[in-house]
Amino acid sequence: MSPTVKAFFDQPTWTLSYVVYDAETRDALVIDPVMNYEPASSKVSTHSLQQLIQFIDQNELQVHLVLETHAHADHMSGAQQLKEKYPSARIGVGKKITEVQKLFKHIFNLDQEFRTDGSQFDLLLDEKKEEQAGSLTVKTLFTPGHTPACATYVIGDAVFTGDALFMPDYGTGRCDFPAGSAEDLYFSLVDKIYTLPDHYRVFVGHDYLPGGRELSYESTIGLQKKNNRMLNQSTSRLSFIQMRSERDQALAPPRLLLPAVQVNINAGHLPEPEENGIAYLKLPIITEKRRFK
Ligand SMILES: [Fe+2]
């Protein structure tokens, strides 16, 4: 089974969202939708989502699932807005999201009522169980490293790696977020993603247009194993960990880290409005003595 894949690129956050569908049955699912957020004005908008919705409607697709590869730190999820438009769609994420919820509940000192059992999502995906989106079958691989709860979704011959793996000329996702691990990412790639058949198509979670090249988001397992500049078939575990750690030390935090994470661990729900009708996000103050981790 080879599903049709349509990619959408959100330029401000370099994010790829995908509509995956069976061209015969019109059954569809969406991976990693973006809700736009401008931090200076604290304004949300559905500019990116509108393009997806237009495509879905024009092609008369039936959206069964909205899947998150992980709790993103660089953009807010548009899952809830899609669910509003397609109420029968279920929002899914890897079941280890509960670990990330516990971690950030502590970091943000969230309300006691904030649930850390994943119940804000409709579906917690497990490696041991396949899910159906109409005629599409979704297999889940747990691929921790970028975050402890990252999942890769395999739908026919199409593999959605989220931030575990980027295009071969860029490398892999960073591993310096709370509970991230370069060693875990090494094993996620070598023992899981790279064991899939060489001809399977790989669709990545971001593309940063390295060197000013054109947007690129699709490769194959075979090409990644051969050419990925950070982790290919001749890279040792130790050299990957060392390279990844050095690179991560030089990276700035993502621009939307603090607003995005607190919305995304809540399945993309914005905070409830207060009595004046306005919703507020929470920001910790980071000092020299008290860091984010
Ligand atoms: Fe990410």
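Structure: above.
Residues numbered from 1 in each chain as written. Predicted model: local features only at pLDDT ≥ 70, side-chain atom pairs only at ≥ 80, totals over all residues. Heavy atoms only, no water.

Trainee: Explain the sheet that holds strand 8 (residues 90-94) here, please?
Mentor: What holds strands together in a sheet is hydrogen bonding between their backbones, with the strands either parallel or antiparallel. Pairing is mixed across the open sheet formed by six strands, whose spatial order is 1-2-3-6-8-9. Edge strands, defined here as strands with exactly one partner in the open sheet, are strand 1 (4-10) and strand 9 (123-125). Direction aside, the axes of adjacent strands within the sheet are offset by 25° on average. With four bridges connecting them, strand 2 (residues 15-21) and strand 3 (residues 27-31) associate as antiparallel partners. (Pairing = 2+ DSSP bridges. Helix = DSSP H or I, 4+ residues; strand = E, 2+ residues; numbered from the N terminus. Axes fitted to C-alpha atoms, helices over the stretch in contact; angles between N-to-C directions.)

Trainee: What exactly am I supposed to notice about empty space enclosed by the protein here?
Mentor: Rolled over the atoms, a probe with the dimensions of a water molecule shows which regions are left empty. In total, this model carries three cavities of 30 Å³ or more according to the counting rule given. If you add up the space inside the largest cavity, you get close to 80 Å³. Lining the largest cavity are Ala71, Ala73, Val100, Leu103, Phe104, Thr147, Pro148, Phe177, Pro178, Leu257 and Val261. Taken together, the elements giving at least two residues each to the lining of the largest cavity come down to helix 3 (97-107) and helix 7 (257-264). In terms of residue count, the dominant contributor to the lining of the largest cavity is helix 3 (three residues). Counted by class, the lining of the largest cavity contains ten nonpolar, one polar and no charged residues. (1 Å grid on protein atoms, 1.4 Å probe; cavity = no way out; pocket = protein on both sides within 12 Å on 5 of 7 lines; lining within 4 Å. Points joined across faces, edges and corners; volume = space filled by probe spheres on them. Nonpolar A, V, L, I, M, F, W, Y, C, P; charged D, E, K, R; others polar.)

Trainee: Got a minute to help me understand the layout of surface pockets in this structure?
Mentor: In this model, the largest pocket occupies a volume close to 590 Å³. Lining the largest pocket we find 18 residues, and of these Leu110, Phe114, Asn266, Pro271 and Glu272 sit closest to its centre. Here the lining of the largest pocket is composed, by residue class, of seven nonpolar, five polar and six charged. Its boundaries defined by the atoms lining it, the second largest pocket holds a volume of some 440 Å³. If you go around the second largest pocket, you meet 23 residues; those closest to its centre are Asp74, Arg174, Tyr208, Ala252 and Pro254. By residue class, the composition of the lining of the second largest pocket is twelve nonpolar, five polar and six charged.

Trainee: Whenever I open this one, the state of the cysteines confuses me. Can you help?
Mentor: By definition, a disulfide links the sulfur atoms of two cysteine residues through a covalent bond. Tallied over the entire structure, the rule returns zero disulfides. Cys175 provides the cysteine sulfur closest to Cys150, a residue in no disulfide bond, and the two sulfurs are 8.8 Å apart. Owing to a relative accessible area of 8%, Cys175 belongs among the buried residues under this scheme. (Disulfide = S-S within 2.5 Å. Buried < 20%, exposed > 50% of the residue type's maximum accessible area, 1.4 Å probe, protein only.)

Trainee: For this particular structure, what's the right way to read the environment of Gln81?
Mentor: Its place among the elements puts Gln81 in helix 2 (residues 79-85). You can call Gln81 buried: its relative accessible area is 18%. For the pair Gln81 and His269, spaced 188 residues apart in the sequence, the C-alpha separation amounts to 8.9 Å. When neighbours within four sequence positions are excluded, Gln81 is seen to be in contact with Met35, Thr46 and Leu49. (Contact = heavy atoms within 4.5 Å.)

Trainee: What should I look at first to understand the coordination of the iron ion in this one?
Mentor: Note on metal sites: the ideal angle is 109.5 degrees for four tetrahedral donors, and 90 or 180 degrees for six octahedral donors. At 2.0 to 2.3 Å from the iron ion lie its protein donor atoms, namely His70 (NE2), His146 (NE2) and Asp163 (OD). When the donors of the iron ion are listed by position in the chain, the intervening gaps give H-x75-H-x16-D. Remark: Asp163 occurs in the loop between strand 13 (158-160) and helix 4 (182-192) and His146 occurs in the loop between strand 11 (136-142) and strand 12 (151-155); sequence separation between them is 17 residues. (Donors = N, O, S within 2.8 Å, 3.2 Å for Na, K, Ca; no water.)

Geometric descriptors of this kind do not, in isolation, establish any biological role.
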